Amino acid sequence: MSGLIGSKLGMTQVFDEEGRMVPVTVIETGPCVVTQKKVTERDGYAATQIGFQASKEKHLSKAQRGHLKAAGKLVRVLKEFRGEWDVNVGDAVGAGLFEVGQKVDVTGTSKGKGFAGTIKRHGFSSGPRSHGSMNVRAPGSIGQCAWPSRVFKNKRLPGHLGNVTRTVLGLKVVQVLPEENLLFVKGAVPGPVGAVITIRPSVKG
């Protein structure tokens, strides 16, 4: 088993057998089409490439169209999964790859929030808000005048927040709807609604 590419549809809640409410993220996981198989003898490693989200021919380059010709389907997103997988080029895979109770790792790009200060970006405490204080949300002293007379590298400072690749480990699969290619996983996953994410069996088992 390798993994799937999906699209985040949003969050909702379901109830388990004991009547407890479980927050879940709904992921549309296909159908994904197998676009390429790599073998150790020819490529030096074993892997399977799959595609997701149908695309029009005019939105792909000539090289991309030629690469996808064997699969018989034009797709917008391609991902490669290392390891052996008993599928062939052109096969369609979907949510049925996973089962209820299984743990998965979900990778996506977090929401971009632009430039942010140290309070929002790193969770710093604010300064005093009374008695004429002029240091409410400023980061404070970041370097001394005598020594070292500079700011150390890796100092937590204001800067760009979000829009980075993040992986959430060990999310439990709560429900699987193979006919609709929907996967319900417990908890939140990175990215906004509509974000493209990758689902793999958990490295933690």
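All of these numbers come straight from a predicted model, not from anything done at the bench. (Residues numbered from 1 in each chain as written. Predicted model: local features only at pLDDT ≥ 70, side-chain atom pairs only at ≥ 80, totals over all residues. Heavy atoms only, no water.)

Visitor: How would you summarise the overall build of the chain if you had to cite specific residues and measurements?
Guide: The secondary structure content of the chain amounts to three helices and 12 strands. Relative to the compact-globule value of 17 Å for 205 residues, the chain shows a C-alpha radius of gyration of 23 Å, a clear excess of over 25%. Here the C-alpha coordinates of the chain stretch approximately 70 × 50 × 35 Å along the principal axes. The buried share among the 205 residues of the chain stands at 36%. Considering only contacts in the chain between residues 6 or more positions apart, those separated by 24 or more positions represent 69%. Put simply, the chain shows about 12600 Å² of open surface, and 51% of that area lies on carbon and sulfur atoms. Distance between charge centroids for the chain: 18 Å, based on 30 positive and 15 negative side chains. (Helix = DSSP H or I, 4+ residues; strand = E, 2+ residues; numbered from the N terminus. Rg over C-alpha atoms; globule rule 2.2 N^0.38 Å. Buried < 20%, exposed > 50% of the residue type's maximum accessible area, 1.4 Å probe, protein only. Contact = heavy atoms within 4.5 Å. Areas by Shrake-Rupley, 256 points an atom, 1.4 Å probe, with all protein chains shown as cover. Lys, Arg positive; Asp, Glu negative; His and termini not counted. Charge placed at Lys NZ, Arg CZ, Asp CG, Glu CD.)

Visitor: An account of the sheet that holds strand β5 (residues 75–82) is requested, with residue identities and associated values reported.
Guide: The strand order across the open sheet formed by four strands is β5-β4-β3-β6, and the pairing between neighbours is antiparallel. Strands at the two margins of the open sheet, each flanked by one partner only, are β5 and β6 (92–93). Summarising the sheet, strand β3 (residues 32–38) and strand β4 (residues 47–54) pair through five bridges and their orientation is antiparallel. Across the sheet, residue glutamine 36 finds its bridge partner in β4, namely glutamine 49. (Pairing = 2+ DSSP bridges.)

Visitor: Any details on the pairing of strand β7 (residues 103–109)? Residues and values, ideally.
Guide: Summarising burial for β7: five of the seven residues are buried, a large majority. Relative to strand β10 (residues 165–177), β7 is paired through six bridges, and the arrangement is antiparallel. From the neighbouring strand, valine 104 faces β10, where its bridge partner is leucine 171. Two strands pair when backbone bridges link them, and β7 and strand β12 (residues 196–201) are joined in this way by four bridges, in the antiparallel orientation. Bridge pairing links valine 106 to isoleucine 199 in β12.

From the geometry alone we can't say anything about function, so treat these as descriptive.
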